[in-house]
Amino acid sequence: MKNTIVSQISEYYSEKLNRHGETPQGVDWNGSEGQYLRFEKLMQLVNHPQYFSINDIGCGYGALYEYLQATYKTLEYRGVDVSADMIEAAKRRFANCQNASFFHLSIPDEMADYSVASGIFNVKFANKESDWHSYILSTLRQMNSYSAKGFAFNCLTSFSDKEKMRDDLYYADPCYMFQFCKENFSRNVALLHDYNLFEFTILVRKS
Ligand SMILES: C[S@@+](CC[C@H](N)C(=O)[O-])C[C@H]1O[C@@H](n2cnc3c(N)ncnc32)[C@H](O)[C@@H]1O
């Protein structure tokens, strides 16, 4: 099951990159405004801007690293992506950056202070809702186990306008996700559902 999902994702996003290049559209976003707004929400996770390490799950061509460089001078960034084309592009793009590394993996194989994932749960393809739901929860469990201080992710919301919803996308229930994270990962969980996209962000702080 997991292998089938991984190859569907990889094929889908490699095609986007090949068609649109290293742009927000190349990772299936509408534009850079939304892409950066998502980064801003996810990075509310990091309270103390001194040195920290971060895993970016589904890093694409490395746009988050570019965003972080402008704000945080001392960080260790590790991007992973199931699309080999994305990883190749990111490695080329940031070849001279000592504090960034990129790996063709679905989940990091090293612990970091924080982990974030932007946009990895949105496209479910033709998978059953229940299978995709289980896939999300198992990915969150893995993110939790590789994050010492906390992790953050976003999902499309089930509170989207019905007429705009698509069968190939997954709309998660924000209340369920909040409760799941509270009960399984930490008492300190924030649900951000107050920005102008049809999605929400969850921040899980462990300390
Ligand atoms: C919507 S794009 C967003 C890329 C990047 N996070 C950004 O915001 O610019 C999602 C990316 O996540 C990757 N991806 C999806 N599911 C993944 C998973 N379980 N593990 C690693 N990469 C994944 C895809 O290949 C794709 O490059």
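Residues numbered from 1 in each chain as written. Predicted model: local features only at pLDDT ≥ 70, side-chain atom pairs only at ≥ 80, totals over all residues.

With that out of the way, let us pick up the overall build of the protein. Scanning the protein from terminus to terminus reveals six helices and eight strands. When its helices and strands are written in sequence order, the protein yields α-α-β-α-β-α-β-β-α-β-β-α-β-β. On C-alpha atoms alone, the protein measures out to a radius of gyration of 16 Å, which is about the 17 Å that the 2.2 N^0.38 rule sets for 207 residues. In terms of its C-alpha atoms, the protein occupies a principal-axis envelope of roughly 45 × 40 × 30 Å. (Helix = DSSP H or I, 4+ residues; strand = E, 2+ residues; numbered from the N terminus. Rg over C-alpha atoms; globule rule 2.2 N^0.38 Å.)

Moving on, we come to unusual backbone geometry. If a residue is not glycine, its phi is most likely negative; likewise, a peptide bond is most likely trans. Phi at Asp 28 takes a positive value of approximately 75°, unusual for a residue other than glycine. Overall, the presence of 16 C-beta atoms within 10 Å leaves Asp 28 in the partly exposed class. Phi is positive for Phe 125, which is not a glycine, with a value near 60°. Mapped onto the elements of the fold, Phe 125 is located in the loop between β4 (112-117) and α5 (129-145). (Buried ≥ 20, exposed ≤ 12 C-beta atoms within 10 Å, placed from the backbone.)

On to helix α2 (residues 32-42). Note: α-helices contain 3.6 residues per turn, so residues at a spacing of three or four share the same orientation. Listed as buried for α2 are Gln 35, Arg 38, Lys 41 and Leu 42. Projected down its long axis, α2 carries its buried residues within an arc of 125°, all on one side. Of the exposed residues in α2, the ones pointing more than 90 degrees away from its buried face are Glu 33 and Glu 40. Of the surrounding elements, those touching the buried residues of α2 are α3 (63-71), β4, β5 (147-157), β7 (188-192) and β8 (199-205). (Arc of directions from axis to C-beta. Contact = placed C-beta atoms within 7 Å.)

Direction vectors running N to C along helix α1 (residues 2-20) and helix α4 (residues 84-93) enclose 45°, while the axes themselves pass 8 Å from each other. Between α1 and α4, the crossing angle belongs to the class labelled oblique. Along the contact surface, α1 presents Tyr 13, Ser 14, Leu 17 and Asn 18, while α4 presents Asp 85, Met 86 and Ala 89. Its residues placed into classes, the contact of α1 with α4 shows four nonpolar, two polar and one charged. (Axes fitted to C-alpha atoms, helices over the stretch in contact; angles between N-to-C directions. Parallel < 35°, antiparallel > 145°, perpendicular 65-115°, else oblique. Nonpolar A, V, L, I, M, F, W, Y, C, P; charged D, E, K, R; others polar.)

By size, the foremost hydrophobic cluster in this structure holds 48 residues, and its most contacted members are Leu 45, Ala 90, Tyr 114, Val 116, Ala 152, Phe 153 and Ile 202. Ranked by residues supplied to this core, first place goes to β5 with five residues. (Core = buried A, V, L, I, M, F, W, Y, C linked by C-beta atoms within 7 Å.)

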